[in-house]
Amino acid sequence: MRILIIEDDQELCHALKLQLEHAGYQTDCCHNGTDALYYALQPVYDIIILDRMLPSMDGLSILKLIRSNEIHTPVIMATAMDGIKERISGLDCGADDYVVKPYDVGELLARIRALIRRPNAIDTAETLSYADLEFQLQNHDLFCLGKTIRLSRREALLMEFFLQNPGQTLARQLIYTRIWGPGGEVEDGNLDTYIYYLRKHLRTLRSQCRITTVHGVGYKLENSP
């Protein structure tokens, strides 16, 4: 699961990032409204934690814009403004929940878990399956026909993305954004390297699934008996 933290207090943001990653979440951070809007418009996040007061563009404006662009990612608004009118305005603009600074990280994690439990909001399965493949998200084990291969962290993120979208062509840029983050620095050949590794694993497992190249676009996982 990937979480976007939008917070202008960089020290607070860094501390929150460490605690969320310790809890098992992938995170990206940004600190001003302009960057926040760019990140939030990427369709790769499961939850956004959005500070209300930001340089260059405030949190409410960002929230209105992402909702007008059909981005339905759950948003937790974080702010030092604890008045009821401020809470109402945030919720009316499209926020799914609200925390008032200073907040306890344990409470924030509980609110994240509550959003995860909402029906149809986020896929929280511990195992993903497609055709003859079964993938355990927690320990990165890929199963097929009684054989098992443990994937590296990056391989696991990529396989998870394919298994969440079987048969669909995933554009290279979308894969970069999902796996490395919108601001991630990655050489173009890195993706091809990890695709090679996953294809090799599928052959070792004798799976009937294949990762095929869609020339000029990206890749897709498909069942090829």
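Up top you'll find the structure we're talking about.
Residues numbered from 1 in each chain as written. Predicted model: local features only at pLDDT ≥ 70, side-chain atom pairs only at ≥ 80, totals over all residues. Heavy atoms only, no water.

Caption draft 1: Spatial organisation of the pattern of salt bridges. This model, assessed by the stated rule, comprises 11 salt bridges. With its nearest N and O atoms 2.8 Å apart, the salt bridge here joins Lys101 to Glu7. Taken together, the residues Lys101 in the loop between strand S5 (97-100) and helix H5 (105-116) and Glu7 in the loop between strand S1 (2-6) and helix H1 (10-22) connect sequence positions 94 residues apart. On the basis of relative accessible area, Lys101 is assigned to the partly exposed category, the value being 21%. For Glu7, a relative accessible area of 4% translates into the label buried. Here Arg111 and Asp97 are joined by a salt bridge, their closest N and O atoms 2.8 Å apart. Taken together, the residues Arg111 in helix H5 and Asp97 in strand S5 connect sequence positions 14 residues apart. According to the relative accessible area criterion, Arg111 is partly exposed, its value standing at 25%. The exposure class of Asp97 is buried, given its relative accessible area of 17%. Put simply, Glu7, Asp51 and Lys101 are held in one network by salt bridges that share partners. (Salt bridge = Lys/Arg side-chain N within 4 Å of Asp/Glu carboxyl O. Helix = DSSP H or I, 4+ residues; strand = E, 2+ residues; numbered from the N terminus. Buried < 20%, exposed > 50% of the residue type's maximum accessible area, 1.4 Å probe, protein only.)

Caption draft 2: Here's a closer look at empty space enclosed by the protein. According to the stated counting rule, one finds two cavities of 30 Å³ or more in the structure shown. Per-element accounting of the lining of the largest cavity gives the leading share, three residues, to helix H6 (residues 153-164). Of the residues assigned to the lining of the largest cavity, the class counts are four nonpolar, one polar and three charged. Roughly 30 Å³ of volume is contained in the second largest cavity. Forming the walls of the second largest cavity are Ile5, Ile6, Glu7, Leu12, Leu16, Ile49, Asp51, Ala78 and Tyr103. Listing elements by their share of the lining of the second largest cavity, those giving two or more residues are S1, H1 and strand S3 (47-51). Here the lining of the second largest cavity is composed, by residue class, of seven nonpolar, no polar and two charged. (1 Å grid on protein atoms, 1.4 Å probe; cavity = no way out; pocket = protein on both sides within 12 Å on 5 of 7 lines; lining within 4 Å. Points joined across faces, edges and corners; volume = space filled by probe spheres on them. Nonpolar A, V, L, I, M, F, W, Y, C, P; charged D, E, K, R; others polar.)

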